[in-house]
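Given next are the chains, with one letter for each unit.
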Amino acid sequence: MAVIQTQNLSKQYSSGLRTPPTLAVDAITFSVEPGQVFGFLGPNGSGKTTTIGMLLGIITPTAGVFSLFGKSGPEEVLAARQRIGATLEYPNFYPYLSCRDNLRLVARVKGRDRKAVDEALEIVGLTQRQKTKFSACSMGMKQRLAIGATLLGDPELIVLDEPANGLDPAGQREIRDVIRGLGERGKTIFLSSHILHDVERMCTHVAIIEKGRLITTSAVANLTSEAPVAVLRADGSVEKLCATTAAFEPVRSAEVRGDEVVVEIDEGDLAALNEHLMKEGILLHHLALERQTLESVFMRLTGGDEGFGAVA
Amino acid sequence: MSAPEKGYPALGFGVWTVLLRNEFFKARHRLAFVVTLGFFAFINFMDFGDDFMRARREDDFTHALPDAWSGIFSGDSVILLIFASIAIIMLVSSEFSWRTARQNVIDGLSKTQWFWGKAILVVLIGIVFITTKLLIGAGTAAAGTDFGAATAPVLPLSVPAALGGLMLAFLSLGGLALLVSVTVRNAGPAMALWFFWITLGEQLVPALVTRVLPATAPFFGYLPFSAAQKILPFWVYDASTYARVVARAEAAEQAAPELPDLMLWVSVNAGWAVLFIALSYALFRRRDL
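Residues numbered from 1 in each chain as written. Chains lettered and ligands numbered in written order. Predicted model: local features only at pLDDT ≥ 70, side-chain atom pairs only at ≥ 80, totals over all residues. Heavy atoms only, no water.

Enquirer: Tell me what's going on with the overall build of chain B, and back it up with residues and numbers.
Expert: Scanning chain B from N- to C-terminus turns up twelve helices and zero strands. When the helices and strands of chain B are listed from N to C terminus, the series reads α-α-α-α-α-α-α-α-α-α-α-α. In terms of overall dimensions, chain B has C-alpha extents of about 70 × 55 × 30 Å along its principal axes. Here chain B holds 289 residues, and the buried ones make up 49% of them. Here the analysis covers contacts within chain B between residues at least 6 apart in sequence; of these, 81% occur between residues at least 24 apart. Summing over all exposed atoms, chain B offers an accessible surface of approximately 13,800 Å²; the carbon and sulfur share of this is 68%. (Helix = DSSP H or I, 4+ residues; strand = E, 2+ residues; numbered from the N terminus. Buried < 20%, exposed > 50% of the residue type's maximum accessible area, 1.4 Å probe, protein only. Contact = heavy atoms within 4.5 Å. Areas by Shrake-Rupley, 256 points an atom, 1.4 Å probe, with all protein chains shown as cover.)

Written out as structure tokens, the structure reads:
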């Protein structure tokens, strides 16, 4: 039984009489299985938070259905949400209350006692700073408190939206360690993040969305095990280099990425490609193989930065 | 983490206890609420304290029970309605700007449960402000009362009736405060809107309209703030106090106030309270957090 299952889940916002409605999430279908550390990736404004908001009951879907722990009726979903610990976007707490008092409020809603609050503070390393008011906390402390709140009630599913937002590298590492620890304890984690190398290290599965549409969902290992790509650089026009490369038959695809061309080709055909380019009057000054990372896959699938256009 | 308790008590009947405890906890730790309540208490203390001191200085002035009830339950209770409404707006609308309303739902409350938490808060604030006024007003009056010499009951049955009227008037305007809070979702503009309604909507606009169309005057009396004021004075509930008010007016050669149809005005106020709370709920449910 899937922990999360969505079926054509959509959300359309009507902005006003004169502006057309915006389709923030467009018929997304995916599932998260128990024990997975599931990365939910997409550029800013791609619909990640809206999708998570629908799953958490704060945004009403305009179409489609979803189930949590196999439950889909309104009352059942409400009960199922008691098995979820989640934080959305920035940590949202009462600024005038201490870390501990904020957790006490959450603990009451989740039917937990003070001992659970102590445990959550301990896990996220806030025991010493538990009396600090939320408004006086650093961003790292706020993020840790948010994770602490998600852990109250010993949830089976933990949903974290950009948990490393605003953190320095040390803070990011702390959060990464906490999440990794939770994954190792068999928790199902649904994680949205921009930090792709972190996602690659932490997640077992990912879904990538762009402009509200699901582009792919797969095991991380499957995405990154694709054949490496060749990266070419030469003097002169990068467009000409790309077109000439694409015209060489063994090349499966060639794309401009900034001032270089990224080529999908078998390693054994590289020498022949170099020869072909020399015949066409192009002298390469850089030719290297690049392993496929989650970041490179993400950039390729989402269009990446400007100038990243497909030719073949 | 320790193993979860069997079941999830927050979703059962116990949710009401959780909501009450959480709302009370949040309110009493909120400095803005404490300051508002403190300032309200200070105003009452100055008012009733002055009556107490004056009664000790002047022989022809009394501040003792049961006569003092007419001073405790008077038109001045409008101040209570205003202060308590400010407290509601501050406590409710900030839940949206801090996005804690959203987080409360993420943490496991349904939107309906969250809303009922705020409805509980409205009642709680009413109780706290009314109790404060009663403690100070009745406390200073009791201090100046010779209980042995009292010829009439110091706590007549009209007191609970007046208390109910004050609470109902509060629920009507408190409901309006809740409505603007969940609609505007920002304390400053919500407070401004509430005050605009009370001043412009119920004072200035009716004054201008009735100047042009005098026949509309009775209609404006049914608006929430005006209707609330109809059930505040103690003489509305207490026959002997009303007789004194009439006698005083006649002595001053002024027109005595007419006794309002209590059932009508109680119904009007109850109607406003129900309408505002139902509207608040409908609007809150409709919008995403």
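Enquirer: Tell me about the interface of chain A and chain B, and please be specific about residues and values.
Expert: Contacts between the two partners involve 41 residues from chain A and, on the opposite side, 32 residues from chain B. Regarding the contact of chain A and chain B, the summed buried area is about 3,600 Å², with carbon and sulfur atoms giving 56% of it. One can count three salt bridges joining chain A with chain B. Here glutamate 89 of chain A ties to arginine 102 of chain B by a salt bridge, and the two come within 2.9 Å at their closest N and O atoms. Our count for the contact surface shared by chain A and chain B stands at 13 residue pairs in polar contact (both at pLDDT 80 or more). Of all the secondary-structure elements, those providing two or more residues to the side of chain A that touches chain B are strand S1 (4-13), helix H2 (74-81), strand S5 (84-87), helix H3 (99-109) and helix H4 (114-123) of chain A. (Buried area = accessible area lost by both parts, 1.4 Å probe. Salt bridge = Lys/Arg side-chain N within 4 Å of Asp/Glu carboxyl O. Polar contact = N/O pair within 3.5 Å; in protein donor to acceptor, adjacent residues only side chain to side chain.)

Enquirer: Explain the sheet that holds strand S4 (residues 63-68) of chain A to me, and be specific about the residues and the numbers.
Expert: All names here are of chain A. The sheet built from three strands is open, its strands ordered S2-S1-S4 with antiparallel pairing. Of all strands in the sheet, those bounded by a partner on one side alone are strand S2 (22-32) and S4. This sheet shows a mean twist of 20° between the axes of neighbouring strands, independent of strand direction. Two elements, S1 and S2, share seven bridges in a ladder whose sense is antiparallel. Note on S2: the bridge partner recorded for lysine 11 is valine 25. Packing against the sheet, helix H1 (residues 48-56) makes contact with S1, S2 and S4, and its axis sits at approximately 115° to S1. (Pairing = 2+ DSSP bridges. Axes fitted to C-alpha atoms, helices over the stretch in contact; angles between N-to-C directions.)

Enquirer: Please set out the pattern of salt bridges residue by residue, giving values where relevant.
Expert: Scanning all chains against the criterion turns up 19 salt bridges over all chains. For aspartate 26 of chain A, the salt bridge identified is with arginine 213 of chain A, shortest N-O distance 2.8 Å. One end of the pair, aspartate 26 of chain A, is in strand S2; the other, arginine 213 of chain A, is in strand S9 (residues 213-219), with 187 residues separating them in the sequence. Of the charged contacts, one joins glutamate 89 of chain A and arginine 99 of chain B as a salt bridge, the two residues approaching to 2.8 Å between their closest N and O atoms. Here glutamate 89 of chain A is found in the loop between S5 and H3, whereas its partner arginine 99 of chain B is found in the loop between helix H4 (78-97) and helix H5 (100-106) on a different chain. What makes glutamate 89 of chain A partly exposed here is its relative accessible area of 24%. You can call arginine 99 of chain B partly exposed: its relative accessible area is 37%.

Enquirer: Tell me about the nonpolar core, and please be specific about residues and values.
Expert: Among the nonpolar cores identified, the biggest contains 106 residues, and Ile4 and Phe190 of chain A together with Leu81, Ile125 and Phe129 of chain B are the most heavily contacted of them. Per-element accounting of this core gives the leading share, 14 residues, to helix H7 (residues 158-184) of chain B. Excluding residues within four positions of it along the chain, leucine 81 of chain B makes contact with Leu166, Ala169, Phe170, Leu173, Trp194, Ala228 and Leu232 of chain B. Membership of the second largest hydrophobic core comes to 44 residues, among which are Ala107, Leu151, Leu294 and Val297 of chain A. (Core = buried A, V, L, I, M, F, W, Y, C linked by side-chain atoms within 4.5 Å.)

Enquirer: Quick rundown of a nonpolar patch on the surface? Include the residues and the values.
Expert: Taken together, Phe196, Leu200, Leu204, Val205 and Leu208 of chain B make up a surface patch of nonpolar side chains, about 450 Å² in accessible area. Summarising the element assignment, leucine 204 of chain B is placed in helix H8 (residues 187-212). (Patch = residues over 30% accessible without salt bridge, like charges linked within 9 Å, V, L, I, M, F, W, Y side chains within 5 Å.)

Enquirer: Lay out the packing of H3 of chain A against H4 of chain A in plain terms, naming residues and giving numbers.
Expert: Residues and elements named next belong to chain A. Relative orientation of the contacting elements H3 and H4 amounts to 130°, with a least axis distance of 9 Å. Taken as axis vectors, H3 and H4 run oblique relative to one another. Like other packed secondary-structure pairs, H3 and H4 cross with a definite hand, here right-handed. The residues of H4 that touch H3, namely those facing Arg100, Leu103, Arg104 and Ala107, are Arg114, Val117, Asp118, Ala120 and Leu121. (Parallel < 35°, antiparallel > 145°, perpendicular 65-115°, else oblique. Left-handed = near helix turned anticlockwise from the far one by under 90°.)

Enquirer: Describe in detail the sheet that holds strand S8 (residues 205-210) of chain A, supporting the description with residues and values.
Expert: To summarise the sheet geometry, strands pair through backbone hydrogen bonds and adopt either a parallel or an antiparallel arrangement. All names here are of chain A. Strand order in the open sheet made by the six strands is S5-S6-S7-S3-S8-S9, with mixed pairing throughout. The open sheet has two free edges, formed respectively by S5 and S9, since each of these has just one partner strand. Looking at each pair of strands side by side, their axes are set apart by 10° on average, direction ignored. Bridge count for strand S3 (residues 37-41) against strand S7 (residues 188-192) is four bridges, and the pairing is parallel. Within S7, the position partnered with glycine 39 by the bridge is leucine 191. Most of the contacts of helix H6 (residues 169-184) go to S7, to which it runs at about 150°, and overall it touches S3, strand S6 (157-161) and S7.

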